[in-house]
Amino acid sequence: MAKRKSTKTADTSAVKVQKVVADSCLATTNLDPKAAIDIRSLCAVAQRIIAAHQNDASKDAEFLDDCHDNGTIERELWPYFLHLSNEGVDNPSEDIAFALVLLANRRGGSGGSDNKGSIDGGGDSQLTFVVDENDPPVSSSISPVQRTAAFALLLRGLLNYQDMHCSQEENDENSLSHRAIQHEVLKFLIASYSSMELRCKSRDDNSSERRGVIEGPLVDLVGVRLWDAIPKRKRFLEMKRDGLLKKRYGLYQAKRGDKGGNVGFLPGLVDRLFALVTKHELNDSGQHATQGYISKCLELLLDLLSYPQTRTHIASYISSHNLTVKLVLSKLYRSQSFVLFRQQVNMLLDSERLEGTPSTAFLEKGVDSTQMSNDTTNRLVYQRAHTLQKLLHRHYAEEASDVVFAGVGRVTDATWLREKIGLWSEKTLYDVCYRLRLVDDNDVGFSTSVTAQQLGCTRQELLASILVYHQSSRQSDSSVLSAAPIFPTEALLWDPHSVPPGNFGLASNVQSLSLPKLNARFLSAGDYLLRNFHLFRLESAYEIRGDIVDVIKRMKPALKQDGYTDPNDYYGGVQDDNVDQDNFGRTEFQGWARMGLQLKSNKEGKQGFRIIRVDPPRLGERFPASVIAELVLDLYHCATSLVNEWDELREFDNLFLVAVDATKISVAQTEDRKIPDEEDFSFPDRYGVRAVRGVTVLEVRDEAQVVLSDPGLAHEEGGRPQPKGKRRFLRVALDPAQYAADATGRGSSLGTDVYDTFNLVVRRHGRENNFKAVLETIRGLMGGGAHSMYRSIPSWLMPVLLGYGGDPAAASFWSPQMKSFASKTAGVTPPNAALDFGDTFMDEKHLKDSFPGCNVIVNGYQDGSSTRNNYRVKVTEENVEATAYKYPTIGSGNPIRFTPVQVQAIRSGLCAGLTTIIGPPGSGKSDVACQIIANLYHSFPTQRTVIVTHSNAALNDLFDKVMARGDVDERYVLRLGSGERSLSTTSSSSHEFTKAGRVAHILSRRNDLLEKVQKLSESLSGAAERGADGAPSYTCETAEYFFLHHVKMKIEQFEAGMKKNPTADVKQCFPFVRYFPELQAAPMTLDEAATKIKEIKNIFDELAEFRPIELLRSQRQRTDYLLTKQARIVAMTCTHAAIARSRLVELGFHYDNVIVEEAGQMLDIETFVPLLIQGGESDDSSASSHSRLKRVCLIGDHNQLPPVVKNISFSKFCHYDQSLFARLIKLGVPSIELNKQGRARADIAKLYSWRYDDLGDLDHVAEKEEFKKANTGFVHTFQLIDVDDFEGRGESTPTAYFYQNVGEAEYAVALFQYMVLIGYPPDKISIITTYNGQKELIADILSQRCGEGTPLAGMKPGAISTVDQYQGQQNNFIILSLVRTKNVGHLRDIRRLIVAVSRARLGLYVLCRKDLFCHCNELRRTMDQLAAKPTKLQLVKGDHYPTERMANAEVDKNEVHEINDVMELGELVHSMQQDYLSSQE
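About the criteria used
- Residues numbered from 1 in each chain as written.
- Predicted model: local features only at pLDDT ≥ 70, side-chain atom pairs only at ≥ 80, totals over all residues.
- Heavy atoms only, no water.
- Helix = DSSP H or I, 4+ residues; strand = E, 2+ residues; numbered from the N terminus.
- Buried < 20%, exposed > 50% of the residue type's maximum accessible area, 1.4 Å probe, protein only.
- Contact = heavy atoms within 4.5 Å.
- Areas by Shrake-Rupley, 256 points an atom, 1.4 Å probe, with all protein chains shown as cover.
- Axes fitted to C-alpha atoms, helices over the stretch in contact; angles between N-to-C directions.
- Parallel < 35°, antiparallel > 145°, perpendicular 65-115°, else oblique.
- Left-handed = near helix turned anticlockwise from the far one by under 90°.
- Nonpolar A, V, L, I, M, F, W, Y, C, P; charged D, E, K, R; others polar.
- Pairing = 2+ DSSP bridges.
- Expected span 1.5 Å × (residues − 1).
- Salt bridge = Lys/Arg side-chain N within 4 Å of Asp/Glu carboxyl O.
- Disulfide = S-S within 2.5 Å.
- Core = buried A, V, L, I, M, F, W, Y, C linked by side-chain atoms within 4.5 Å.

1. Some details on the overall build of the protein
So, point 1. Each helix and strand counted, the protein has 59 helices and 31 strands in total.
So, point 2. The buried share among the 1481 residues of the protein stands at 57%.
So, point 3. Looking at the protein alone, contacts between residues at least 24 apart form 76% of all its contacts between residues at least 6 apart.
So, point 4. Accessible surface for the protein amounts to roughly 61,600 Å². Of this, 48% is attributable to carbon and sulfur atoms.

2. Some points on the packing of helix α13 (residues 287–306) against helix α17 (residues 339–352)
So, point 1. Interaxial distance between α13 and α17 falls to 10 Å at its minimum, and their mutual angle equals 20°. Between α13 and α17, the crossing angle belongs to the class labelled roughly parallel. In this structure, α13 meets α17 at a crossing whose hand is left-handed. Only Leu340, Phe341, Gln344, Val345, Met347, Leu348, Ser351 and Glu352 of α17 make contact with α13, whose side of the interface consists of Ile294, Ser295, Leu298, Glu299, Leu301, Leu302 and Leu305.
So, point 2. Taken together, the residues of the contact of α13 with α17 break down into 10 nonpolar, three polar and two charged.

3. Concerning the pairing of strand β14 (residues 913–918)
So, point 1. The buried fraction of β14 amounts to six of the six residues, a majority that puts the element mostly inside the structure.
So, point 2. Here β14 runs beside strand β19 (residues 1191–1196); their pairing, made up of six bridges, is parallel. Within β19, the position partnered with Thr915 by the bridge is Cys1193.
So, point 3. Note: β14 against strand β20 (residues 1232–1233), two bridges, orientation parallel. The residue of β20 that forms the bridge with Ile917 is Ile1232.

4. Regarding helix α5 (residues 94–107)
So, point 1. Taking 1.5 Å as the rise per residue, α5 with 14 residues should run 20 Å; its terminal C-alpha atoms sit 20 Å apart, in good agreement.
So, point 2. Counting buried positions over the 14 residues of α5 gives 12, a clear majority of the element.
So, point 3. Among the residues making up α5, those that are buried are Ile96, Ala97, Phe98, Ala99, Leu100, Val101, Leu102, Leu103, Ala104, Asn105, Arg106 and Arg107.

5. Looking at the sheet that holds strand β13 (residues 879–886)
So, point 1. As summarised here, the arrangement of the four strands in space is β10-β12-β13-β11, forming an open sheet in which the pairing is mixed. Taken across any chain shown, the strands that pair with only one partner, and hence form the sheet edges, are β10 (835–838) and β11 (855–860). With direction set aside, neighbouring strand axes in the sheet form an average angle of 25°.
So, point 2. The sheet contact formed by β11 and β13 spans six bridges and is parallel. Each residue of the ladder has a partner; that of Gly860, found in β13, is Ala884.

6. Quick notes on the environment of Leu910
So, point 1. Turning to its location among the elements, Leu910 is positioned in helix α38 (residues 900–910).
So, point 2. A sequence separation of 82 residues divides Leu910 from Val828, and the C-alpha atoms of the two residues are 8.7 Å apart.
So, point 3. Discounting residues that sit within four places of it in the chain, Leu910 has contacts with Leu835, Asp836, Phe837, Ile932, Asn935, Leu936 and Arg1191.

7. What about the pattern of salt bridges?
So, point 1. Evaluation of the coordinates by the stated rule reveals 66 salt bridges.
So, point 2. Between Arg1445 and Asp1439 there is a salt bridge, with the nearest N and O atoms lying 3.0 Å from each other.
So, point 3. Taken together, the salt bridges that share partners define one network made up of Asp969, Arg971, Arg1005, Glu1102 and Glu1105.

8. Overview of the state of the cysteines
So, point 1. For the structure shown, the criterion picks out zero disulfides.
So, point 2. Here Cys1408 is not cross-linked by a disulfide; its sulfur's nearest cysteine counterpart is in Cys1414, at 6.2 Å.
So, point 3. According to the relative accessible area criterion, Cys1408 is buried, its value standing at 0%.

9. What about the sheet that holds strand β4 (residues 609–614)?
So, point 1. The strand order β3-β9-β6-β7-β8-β5-β4 describes an open sheet built from seven strands, whose pairing is antiparallel. Among the strands making up the open sheet, the edge pair consists of β3 (596–598) and β4. Strand-to-strand twist across the sheet, computed as the mean angle between neighbouring axes with direction ignored, equals 35°.
So, point 2. With seven bridges joining them, strand β6 (residues 654–660) and strand β7 (residues 689–701) adopt antiparallel strand pairing.

10. Re unusual backbone geometry
So, point 1. In this model, Tyr1441 is joined to Pro1442 through a cis peptide bond whose omega is -5°.
So, point 2. Its place among the elements puts Pro1442 in the loop between β30 (1434–1436) and β31 (1456–1458).
So, point 3. Phi is positive for Phe652, close to 75°, though the residue is something other than glycine.
So, point 4. Within the fold, Phe652 resides in the loop between α31 (640–646) and β6.
So, point 5. Taking relative accessible area as the criterion, Phe652 reaches 56% and is therefore assigned exposed.
So, point 6. Its identity is not glycine, yet Glu1287 carries a phi of approximately 55°, on the positive side.
So, point 7. Residue position: Glu1287 is located in the loop between β23 (1278–1282) and β24 (1291–1292).

11. Some details on the packing of helix α45 (residues 1115–1126) against helix α46 (residues 1134–1147)
So, point 1. Packing of α45 against α46 leaves a shortest axis separation of 11 Å and a crossing angle of 85°. By the angle between their axes, α45 is roughly perpendicular relative to α46. Contacts between α45 and α46 involve Arg1116, Asp1120, Leu1123 and Thr1124 on the former and, on the latter, Arg1143, Leu1144 and Leu1147.
So, point 2. Among the residues forming the contact of α45 with α46, the class breakdown is three nonpolar, one polar and three charged.

12. Things to note about the nonpolar core
So, point 1. Phe1070, Phe1100 and Phe1168 are the most contacted members of the largest nonpolar core, which totals 136 residues.
So, point 2. In terms of residues, this core owes the most to one element, helix α29 (residues 525–555), which gives 16 residues.
So, point 3. If we skip the residues at most four places from it in the chain, Phe1100 touches Val1013, Leu1016, Ala1039, Phe1042, Phe1043 and Val1047.
So, point 4. Among the nonpolar cores identified, the runner-up in size contains 96 residues, and Leu276, Tyr293, Cys297 and Leu348 belong to it.

13. Focus: the environment of Leu1122
So, point 1. Within the fold, Leu1122 resides in helix α45.
So, point 2. Along the chain, Leu1122 and Leu974 lie 148 residues apart, while their C-alpha atoms are 8.5 Å from each other.
So, point 3. When sequence neighbours within four positions are dropped, the list of residues in contact with Leu1122 reads Arg971, Leu974, Lys995, Arg998, Val999, Ile1002 and Ala1127.

Here is the structure:
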């Protein structure tokens, strides 16, 4: 679609739209669904929208954009269907339905300017109007039932429109326009089915909805009515097998009576698909449209097979019609000219025969299909084989004797079976298929002869394929994954259908992709893992492709000059008949890359890369057990800093080997191209890339053969040795599966000779290079089967995580299931017992305020010297009974006065079950997490809690808060992962919280305690031996003996003496007076003596814990013991959890509680894997209920930005940016939404509080001085500043998709300068923007304005960042640049706007084009508030930081200085700088 010509036309375009609507619609814009509606007027609007879509001209595209931005769906079209549902009308206007669908499809990214699909991500963005309760025109009083009925009317009108306009024959001259209508219908249906879980916010109803608002009408379209389109004999057989299905079909028949069945839209869709596929030649003029329609049809079928709600009926229908077999036999499939079609059909083959297919009972009762193991699946295949053999034995014993007497393994082997049935006659073959109810020529429309003729094959070929397809077994998903290569190759990296363009501007031209999608519900645990495996691998491949392309471009491959020979080039001396190595030998690299290195020979003339060992396959496998190679890196020409970077290579790092042949370069590399090289699928041809393979580092040696990759060297005395020489010898492991594929010619046409062609090695940064460990973890889970996961994840949790049938609230602590679990499980507070809230409450008043509307009864400990106690609280239906007990004196404890909702979240986190906490910006979700951790630590001393976050920064922040309390003993705290060394806690410990740091701390602490034992011994005996160096003579073991035989005896004697003679002098009787010098001068009480005795006992108790560390000698043994036996709070990132899982399970690591922070920013699988980093207690499947996991707490905010997925095609098409947290919210799992924020001023918080339920402010927002005071030098605390074109230019793109706006960048820097000049601390100001290009431009301008030699030299803001990167951070003052002036861009995603405006605490100043952003329908709730203030920057003259002016005080008009444009602001700043220099002089 064409883009708008000028930003100044936005207002006039909006006026034109409103005029068109006003002229044609007598109803008001704010249309109440119960009010009268002028149907004729709305139809006129709808017809105008349809005509504009068909014309596709620039003016029409602008009209459609404005319809979208002005909320035509929400304000005009959707209320019409709500009105019909309220009136009980069932004949909607087809034009209005189709017009609504057209606008919704544009919203979903199918068209329109600037990618309208960036609203809410996935299909949900197109259907949000159905459940939108924030629009005043659509009252939130409308019930979900009304909305469901309205959506059903919309579907009816849409399908009627399609039937009315597409009833002509396919060869009609207007068939292409019909195809466009069908295409739009398919796109809307695909989006609708992916949004089946959409729910209304039930503010007054705490019970979760079990079905989405639109789920009923959509499921009904492809539900039990489809059985009317299935052959009668097949239907009878399936009904006989499934009693519940038979009952449902009977009810359906009774309901429809004699009127005849409406089989829905699917049979017609399948017929049209088959008709198009069987065309021998596609019309050239319509080839693209037809292929797009075929792809969309297959995409819909694949989606319907992947949803548990629709799979049962769809799979039976497709199987009964043998659709997949027909598609495979089609010429279009066999010709391989339509690659996407072939890939989608292959996916359909796998999806239709998916392991563990759920039955109707699964849909109705939530029966767990993951419990269908591979053995069960194989048993079903073997039953079919036995049925076939018995049938043949009865009727064709002689003709089919080979099959009758063959083993079941033979009968289920597709190749063998096809060979044998090829000997049968056509009559026999048909009769066998007929008796098995696979075909039935007697049924109308099911003639095998006609079908074979359409496919261009013989009837016998068709029947043979049908029989083989239904009888043969398939490889299990786990075996397929175990044989699949982990590392991507050149074939995958540059496959446009598997790794599509990452920029949506390029990807939007792709109609469909042959990729799996992540749904809200999954068919089984295997289905869930398989989809995540493929998508994680492909997303990793996309990132790897970008890194490899960057290195190759920088290395600048070129042909060597004639006659020139590089003596160090190892290809020069190696010849092979099968490999044209001269070509690779003639390749030289004229540039250099930090992350790449040319491979050369070593001094002995050995190749830079050579395979040294190939181990034979393990029993039952078809590829080598391991393939080991040696890689030689020549660093002689590298700078010292670069050598040090290569020396950072460690064990299990991943490298990529690339073969570049300069003789194959086809296009000049300097050619000006609009498509970025990383998105260009012709890149391998343009740069001569022939092969890419990945390897894993096992060992790194220097020229002295010293191992440099040993991690233990860093902890030895003297640290890691200095490497010798400039050559590094790497022992690396190849991917055995890939090597086997290469050896057989499937991977490379060169076979294993491809490994002789590599001349470039590429490395990647640490965190982004962990993909292999994650993929191996997922593959390991698949290999272990569903039962291995159930040994780690309890049975009460898995159904909820995967979205199985039943109740989404089943895992909540108040559900009957969890109450039963709590009453039977040790280590969990019973449902009728009191929960230990510890120091959650500041005082008794806080306790009572935390349970509003309840009768709170407080009993127990009362201490007049202290106003603070700890509490155990029992909540009943009528009362809240609290028991106080003494507040401990250790540490500062909890400093937060939690709100009632926060207390509710803490309560849920302490109970057994799943807790989901939604934390709006500034609502204290990390404080809630910290309190839950501390309470679990104190209440359950034998349990271990695992803390997981997405980023190291968030983990360190939460870790800091836990340690700052002071009541968590640091010897029980452990931090795992690469970010562990950056942790700087506020505790008094000077030791690292890494495993090695904790061991060092324990050894140091042990020495201190043994010194105390030595002094205690000396105080008792008068003298005690010491070591030669004066060190204590005791060990942990001998200290224990000393306590048992001496100290304990004296304590018992003292206690017995005091009991016998209570009036005796305590000091005279106390045996340890000499050990405590402070006791010698003052009298002593019995309580003081008890305290001192406890102190002595604590010394020996702590030493007893350190004894294993003393006995274990190796560093690894000590750290493993610390991790598995001592640590009670273990923190790690989700990435490290995936990397370390196999090691942790091997060690026997166990935990009871998991707390996941930033859950909304983690990929679905990244949240799932940390729940599986422990093994179960038994391999017996009956032990599934014995999983040790008791509590799972997910904390996040699905209203902010989702997980980062670099390839937008994966996020848009596959929903890969879906987090587990957001998916559970979508499924209706009960959540607790924190309702008070304490970050921002109240007026700033209102900019985003509308997105949440009743988000208010904490008391300190109104009470603290910083919130009461005005912003120095500004009239307003927040303001939208309308920035016009700067020197005639608005947004610009120096390179593709690299958006910049010079005017806004200059304005942002000038505003920062102004703030610094009037006294603001620079670090309290952050400049954020929505695009990386603008971020770099602002940084460049700032380096000039505040660089060396300027008045503000060295002044830097707290951050210059993008909105996405700044999520999770905050600052007092935010300058926000929105950049775009032609189109809204990806800020149309409301979640990005919420993040942008919620980063500021005291001041927010937004630089943007007002006319553009204020007319965007999605943004209007925030933009209307911003635009309510003047859109020219208003400053206060003569104000200096800090000001005494109050925020609510009016500013004298004479003191207001209004800035008209950036030039005026620049002049003001320049003048102030001159004044500043004068004052300095």
